[in-house]
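Structure at a glance
Listed below are the residues making up each chain.
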Amino acid sequence: MLHVENLTAAIGQTKILKGLNLDVGAGEVHAIMGPNGSGKSTFAHTIAGRDGYEITGTVTLDGADLLGMEPEDRAAAGVFMGFQYPVEIPGVNNMYFLRTALNSVRRSRGDTEISAREFLKVAKDAMDLVEMKQDFLDRAVNAGFSGGEKKRNEILQMAIMQPRLAVLDETDSGLDIDALRIIAGGVNALRGPERSMIVITHYQRLLDYIKPDFVHVLVDGRIVESGDHTLALHLEDHGYADFLNHGLDDAPEQPLTGVRS
Amino acid sequence: MSETLRDIEELTEASYEYGFSTDLDTDIAPPGLNEDVVRLISAKKNEPEWLLAWRLKAFEAWQAMEEPDWAKLQIAPIDYQAISYWAAPRKKPVLDSMDDVDPEIREMFDKLGIPLHEQKMLSNVAIDAVVDSVSVTTTFKKTLAEAGVIFCSFSEAVQEYPDLVREHLGSVVPVRDNYFAALNSAVFSDGSFCYIPKGVRCPMELSTYFRINSENTGQFERTLIVADDDSHVSYLEGCTAPQRDENQLHAAVVELVAKDRSEIKYSTVQNWYPGDENGVGGIYNFVTKRGRAHTDAKISWTQVETGSAITWKYPSVILQGDRSVGEFYSVALSSKHQQADTGTKMVHIGADTTSSIISKGISAGHGQNTYRGLVKVLRSGVNARNYTQCDSLLLGKECGAHTIPYIEVKNPSAQIEHEASTSTIGEDQLYYCRQRGMTEEDAMSMIVNGFCREVFNELPMEFAVEAQRLLSVSLEGSVG
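Bear in mind that the values here come from a model prediction, so they are computed numbers and not experimental data.

Description of the overall build of chain A
Along chain A, the regular secondary structure elements total 9 helices and 12 strands. Scaling as 2.2 N^0.38, a compact globule of 261 residues should have a C-alpha radius of gyration of about 18 Å, and chain A matches this with 19 Å. In terms of overall dimensions, chain A has a C-alpha envelope of 65 × 40 × 35 Å along the principal axes. With 261 residues in all, chain A has 50% of them scored as buried. For chain A, contacts bridging at least 24 residues in sequence account for 68% of all contacts bridging at least 6.

Let's talk about helix H9 (residues 427-435) of chain B
Residues and elements named next belong to chain B. Burial analysis of H9 places 7 of its 9 residues in the buried class, which makes it a mostly covered element. For H9, the complete set of buried residues consists of Gln429, Leu430, Tyr431, Tyr432, Cys433, Arg434 and Gln435. A positive backbone phi angle near 100° is found at Gly437, which sits one or two residues after H9.

Topic: the confidence of the model for chain A
All names here are of chain A. Averaged over every residue, the pLDDT of chain A is 89; the share at 70 or more is 93%. Per-element mean pLDDT across chain A ranges from 62 in helix H9 (residues 241-249) up to 97 in strand S6 (residues 79-82). Across residues 247-261, where pLDDT falls below 50, the model places 1 contact with residues more than four positions away in sequence or in other chains.

Examining the packing of helix H3 (residues 49-63) of chain B against helix H8 (residues 179-187) of chain B
Residues and elements named next belong to chain B. Direction vectors running N to C along H3 and H8 enclose 145°, while the axes themselves pass 7 Å from each other. Every pair of crossing elements has a handedness; the one defined by H3 and H8 is left-handed. Between H3 and H8, the residues in contact are Trp54, Arg55, Ala58, Phe59 and Trp62 and Tyr179, Ala182, Leu183, Ser185, Ala186 and Val187, respectively.

Section: the environment of Leu168(A)
Residues and elements named next belong to chain A. Looking at the secondary structure, you find Leu168 in strand S9 (residues 165-169). Residue Leu168 is classed as buried on the basis of its relative accessible area, which comes to 1%. Note: C-alpha distance between Leu168 and Ile114 (54 residues apart in sequence) is 26 Å. Discounting chain neighbours no more than four positions away, the residues touching Leu168 are Phe80, Gly82, Ile155, Met158, Val187, Ile198, Val199 and Ile200.

Digging into unusual backbone geometry
Residue and element names in this part refer to chain A. Even without being glycine, Asn142 reaches a positive phi, approximately 60°. Along the chain, Asn142 falls in the loop between strand S8 (140-141) and helix H5 (147-161). Asn142 gets classed as buried once you look at its relative accessible area, which sits at 0%. For Gln162, which is not a glycine, the phi torsion comes out positive at approximately 45°. Among the secondary structure elements, Gln162 is positioned in the loop between H5 and S9.

Considering the side chain of Glu327(B)
Residue and element names in this part refer to chain B. Within the secondary structure, Glu327 sits in strand S17 (residues 325-334). At 3.0 Å, the side chain of Glu327 forms a polar contact with the side chain of Ser300. Residues contacting Glu327, with those up to four places away along its chain left out, are Lys298, Ile299, Ser300, Trp301, Met346 and Ser356.

Brief notes about the side chain of His45(A)
For His45(A), the location among the structural elements is in helix H1 (residues 40-48). A residue is classified by how much of its surface remains accessible, and His45(A), at 9% relative accessible area, is buried. If near-sequence neighbours (up to four positions away) are discounted, His45(A) is found in contact with Arg50(A), Tyr53(A), Met81(A), Phe83(A), Asp169(A) and Tyr431(B).

Structural notes on the interface of chain A and chain B
Each partner contributes to the interface: chain A provides 32 residues, whereas chain B provides 20 residues. Inspection of the region where chain A meets chain B yields 4 salt bridges. Linking chain A to chain B there are 14 residue pairs in polar contact (both at pLDDT 80 or more). Looking at the side of chain A that touches chain B, the elements that each hand over two or more residues are H1, helix H2 (71-77), S6, strand S7 (89-93), helix H3 (94-108) and H5 of chain A. Looking at which element gives the most residues to the side of chain A that touches chain B, the answer is H3(A), with 7 residues. In terms of residue class, the side of chain A that touches chain B is made up of 18 nonpolar, 7 polar and 7 charged.

Quick look at the nonpolar core
Among the nonpolar cores identified, the biggest contains 98 residues, and Leu2(A), Phe43(A), Phe97(A), Ile198(A) and Ile362(B) are the most heavily contacted of them. In terms of residue count, helix H10 (residues 440-456) of chain B provides more of this core than any other element does, 9 residues in total. Each residue touching Leu2(A), except ones within four places of it in the same chain, is listed here: Leu22(A), Asp23(A), Val24(A), Ile47(A), Val59(A), Thr60(A), Leu61(A), Leu66(A), Leu165(A) and Ile198(A). Counting residues in hydrophobic clusters, the runner-up holds 53 residues, among them Ala88(B), Leu183(B), Ala186(B) and Tyr195(B).

A few points about the sheet that holds strand S12 (residues 222-227) of chain A
Residue and element names in this part refer to chain A. Read across the open sheet, the 6 strands follow the order S6-S9-S10-S3-S11-S12; overall the sheet is mixed. The open sheet terminates on both sides in strands that have one partner only, identified here as S6 and S12. Ignoring which end each strand starts from, the neighbouring axes of this sheet average 20° apart. Bridge count between strand S3 (residues 29-33) and strand S10 (residues 196-201): 5 bridges; the pairing is parallel. Bridging across to S10, Val29 finds its partner in Met197. Against the sheet, helix H8 (residues 230-238) touches S3, strand S11 (214-219) and S12, its axis set at about 45° to S11.

Some words on the pattern of salt bridges
Any two side chains of opposite charge can pair, given that their charged atoms come close. Inspection of every chain in the model, using the stated rule, returns 30 salt bridges over all chains. The salt bridge partner of Lys150(A) is Glu88(A), with a shortest N-O separation of 3.2 Å. Of the two residues, Lys150(A) sits in helix H5 while Glu88(A) sits in the loop between S6 and S7, which places them 62 residues apart along the sequence. Lys150(A) sits in the buried class, given a relative accessible area of 16%. A salt bridge links Arg385(B) to Glu417(B), with the shortest nitrogen-to-oxygen separation between them at 3.5 Å. One end of the pair, Arg385(B), is in strand S22 (residues 385-394); the other, Glu417(B), is in strand S24 (residues 415-424), with 32 residues separating them in the sequence.

Remarks on the sheet that holds strand S5 (residues 64-65) of chain A
Residues and elements named next belong to chain A. Taken together, the 4 strands give an open sheet; going across it, the order is S2-S1-S4-S5, and neighbouring strands pair in antiparallel fashion. Sheet topology places strand S2 (14-24) and S5 at the edges, where each strand pairs with a single neighbour. Of the strand pairs in this sheet, strand S1 (residues 2-11) and strand S4 (residues 54-61) are connected by 7 bridges, and their pairing is antiparallel. Within the sheet, the bridge partner assigned to Ala10 lies in S4 and is Glu54.

Here's the deal with the packing of helix H2 (residues 35-44) of chain B against H3(B)
To characterise two packed helices, one gives the angle between the axes of the helices and the distance between these axes. All names here are of chain B. Put simply, H2 and H3 touch, their axes get as near as 10 Å, and they point 150° apart. Relative to H3, the element H2 lies roughly antiparallel. The handedness of the crossing between H2 and H3 comes out as right-handed. Together, Glu35, Val38, Arg39, Ile41 and Ser42 of H2 and Leu52, Arg55, Leu56 and Phe59 of H3 make up the contact between the two elements. Here the contact of H2 with H3 is composed, by residue class, of 5 nonpolar, 1 polar and 3 charged.

What counts, and at which threshold
- All residue numbers refer to position in the chain's written sequence, counted from 1.
- In the order they appear in the text, chains get letters beginning with A and ligands get numbers beginning with 1.
- Only residues with pLDDT of at least 70 get local features here, since the model is predicted, and only at 80 or more are side-chain atom pairs given and counted; chain-wide, interface and lining totals rely on the full set of residues.
- The side-chain numbers reported here are obtained from all heavy atoms of the structure, hydrogens and water having been left aside.
- Helix numbering and strand numbering both begin at the N terminus, where a helix is a DSSP run of H or I of at least 4 residues and a strand a DSSP run of E of at least 2.
- When we talk radius of gyration, it's over C-alpha atoms, and the globule rule is simply 2.2 Å times the number of residues to the 0.38.
- To sort residues, take the accessible area from a 1.4 Å probe on protein chains only and compare it with the maximum for the residue type: under 20% means buried, over 50% means exposed, and anything in between is partly exposed.
- Contacts between residues were defined by any pair of non-hydrogen atoms, one from each residue, lying within 4.5 Å.
- Scored between 0 and 100, pLDDT is the confidence that the predictor attaches to each residue.
- Think of each axis as a best-fit line through the C-alpha atoms, taken over the contacting stretch in the case of a helix, with angles from 0 to 180 degrees between the N-to-C directions.
- Helix crossings are classified by the rotation of the near helix relative to the far one: an anticlockwise turn of less than a right angle makes the crossing left-handed, while a clockwise turn makes it right-handed.
- Here a polar contact is recorded for every N or O atom pair within 3.5 Å, except that within protein the pair must consist of a potential hydrogen donor and a potential acceptor, and residues adjacent in sequence are included only if both atoms are side-chain atoms.
- The term salt bridge refers to a side-chain nitrogen of Lys or Arg lying within 4 Å of a carboxyl oxygen of Asp or Glu.
- Under the grouping applied here, Gly and all other residues not named as nonpolar or charged are polar, the nonpolar ones being Ala, Val, Leu, Ile, Met, Phe, Trp, Tyr, Cys and Pro and the charged ones Asp, Glu, Lys and Arg.
- In plain words, nonpolar cores are sets of buried Ala, Val, Leu, Ile, Met, Phe, Trp, Tyr and Cys residues tied together by side-chain atoms within 4.5 Å.
- If DSSP finds at least two bridges between two strands, the strands pair.
- Should an angle fall under 35 degrees it is called roughly parallel, over 145 degrees roughly antiparallel, and 65 to 115 degrees roughly perpendicular, with every other angle called oblique.

Structure (structure tokens):
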């Protein structure tokens, strides 16, 4: 379903992704783990279409070339990103935002728009999923939300948008254990044979709640190891040290002239 | 510069959709200002002697005054002798029937989306249409007359209700108040007059629509609204002008008198021609608006200012009576090379008076937006309360936002609060909305409208929709 081949991304002279390959099949959940600065978030943003990167390689969703699309077209194609730092939009009612988002995507797909009344039903179910109260919809988008509320709002949006591919960028960061449980519950409820997920995380902790089908280790812009969920447990015990060495194996054999560490 | 930022700048360079001019047969005085011109205007309007004397006094005062330069505005010198102070469509309608309105004028207002035909009116709004300083028609006069409400052009009021006019004209904004008010008092040509009798709730929204059409003319209109005891009125004001390369002067005066326990709600959507993207042309908008609130009365100003090359405007409330209430809600947008120096004055004289100020400034392109506000509590203002909130939104890197609050408190029981914020539309916000499927234009429009929400909530429904649309158009560019 999602096919990523030899993906590179750079900001100016700084190369962040250095040839990343990944295939995600329908219904699969893939976890991507890695140390700080390994390129995890950049990978998420290249799928979602953030501006500012120079990108080469291939990213297709169901055969459609994502890299050539604007972010909103990718959303219409079924890409959803759960943000690590969801932004605040003061004065914009959360319900209005969610309905506009859903209707924008429906319009691009040629579907009819959903009425306010129908939408309320959809929203109600989604809110139950993340244990949100009704007044949540009346507040401005993320404005004054706690860290946990922001993350829950992301999962709420995912439940409403019903994406084909969800990329969840450090959805567990800054959460206490109760919030983590609620969010993981929401994510698990949204798993399905037609939906794939990429879960990006620092810590194995999240994977106690969301059992991935595959775990990948991202180091220095490349996937250096893939396995099942036991790989995450290994990382929990040993850290990334093994893989950092592995990363060095790929380094040029000769140091550049004149460079000594 | 990133692509998104560039897009924002393109989006903010909207074209002006009301820039057409209509070929009307116009009676226009030669440019220049002297005592004879003042006399000519007064004579053209067949005014009583006391009004001519009032104008001449104002003219004398104006000659001795200097143009104010304290505002944060770069203004090209204004040649007051190059302006024509009298322009009127030559065909004057008989005022009893809409069918008598000059078809060309009617067509012009149709083009502006303001049908003067009562049958065609969508909403419950009575309109006074003013072209080049002269009121051309007032709708729904009969319905209003049944309620005892007087709503007519200023000239008509001078003829028909001279005592009411004489009693209140200049009672809130004296002729010497400031340079532009003095000029207006000397040369004002027309405007709207409104009187709500005791205990009457005006059955419909009243509205004045101002249009500058002729070249090289100034527009100097005068609005006077008197709400008698226990009455209520909601008043709307809209403005447009053709697209011209030279600057045109608009110096209006609005006076509101809210007597005991009455309420006046005054809403403005100002969309004068702002000039082109290089800052050529556009209206110079120097307006004095002030209301006097008597005991238990309430005056509420709401303004959406998207037009004009220069806006110099401080709708104010003199809170004279005990427990009187003043409100000011403002959205001011400065894009292209527009400059706005706008805000309010709240003068607390009575005891237990309350005022609130919500100001939203949006700067885009090379626009400069200044909030300037005065909250003044006199010794007599026991337990006066004020709450002020000034928020600025910056779109792009060439624009500016400035907040200049003045607070003068002479009574220690007063409570004054001031909050201010400055923010930008972040690329992150746009990206977030786009990731959720919205186009960049929709996202920007949503974010800006969200920023203005508290003010739009104060506008009457039709105007709120119009204001949102106007803001989107001013920002998006493609429409028009």
